[in-house]
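Examination of the molecular architecture
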Amino acid sequence: MIDLLALCAFNARYAHVIDNDALEEWPAFFTERCHYRITHVENERDGLAAGIVYADSRAMLEDRVAALREANIYERQRYRHLLGVPMLNGDTARTGFIVVRIMATGQSELFASGEYVDRLVQQPDGTLLLAERVAVCDSTVTDTLLALPL
C-alpha cells in the first residue's frame, strides 16, 4: 500500500529535479521498463496512444536528457511546478499540476495544466518508482517550446 505522504514527497522531489535543472536525475524516478508520455485530454479521452512526448524505457528518458543537453537548440527556460494532493487508488495515482515557464528574459507564463496519471511500484526498501506516468494536459494546443519534461 502506497503512503500518501510518501507519494507527495516523491512528487515534490520529481518537480524539484526538473525545476532546478538537474535533468540527469530525472530518469531515476522511473523503472527500467517504463512508460512516459505527454498527451492532452482529448487524446486520452478517445483512447489514442499518440503522445507529444513518448518513451518506453529509462534509457529513452536518458537519451532525451542527453539530447536536451547536447543536440537540441531551444530558447533557455525553466519551469516551476505546483502540484495538487494525489488521489490514490491502489498502485495508481492522479495528481493535478500547473507548470509555469520562466524564460531567460524573466517573462513567466502559465505553460501547462493537467493531471499526472501514474502507476507506481514500491521497492522492497519502500522507495517509489514510476512504472508509468502520463501527463495529460488540459489544453489541446501544444507550445512548440515543449523541451523539458513535465
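Quantities reported herein were computed from a predicted structural model and do not represent experimental measurements.

Quick word on the side chain of Asp-118
In this fold, Asp-118 is placed in strand S6 (residues 108-122). Side chain to side chain, Asp-118 and Arg-133 meet in a polar contact 2.7 Å long. Sequence-distant contacts of Asp-118, that is, excluding residues within four places in its chain, are made with Asn-11, Asp-91, Thr-92, Ala-93, Leu-130, Glu-132, Arg-133 and Val-134.

Description of the pairing of strand S5 (residues 92-103)
Here seven bridges tie strand S3 (residues 77-83) to S5, and the two strands are oriented antiparallel to one another. Paired with Gln-77 across the two strands is Met-103, which belongs to S5. By the bridge criterion, three bridges tie strand S4 (residues 87-89) to S5 in an arrangement that is antiparallel. Each residue of the ladder has a partner; that of Leu-88, found in S5, is Ala-93. Linking S4 back to S5 in an antiparallel pair, the connection comprises two residues, with Gly-90 at a positive phi of about 70 degrees. Where S5 meets S6, 11 bridges bridge the pair, whose relative direction is antiparallel. By the bridge assignment, Val-99 is partnered in S6 with Ala-112. Hairpin connection between S5 and S6: a loop of four residues separates the two successive antiparallel strands, and Gly-106 in this loop has a positive phi of roughly 95 degrees.

Thresholds applied
- Residues numbered from 1 in each chain as written.
- Predicted model: local features only at pLDDT ≥ 70, side-chain atom pairs only at ≥ 80, totals over all residues.
- Heavy atoms only, no water.
- Helix = DSSP H or I, 4+ residues; strand = E, 2+ residues; numbered from the N terminus.
- Polar contact = N/O pair within 3.5 Å; in protein donor to acceptor, adjacent residues only side chain to side chain.
- Contact = heavy atoms within 4.5 Å.
- Pairing = 2+ DSSP bridges.

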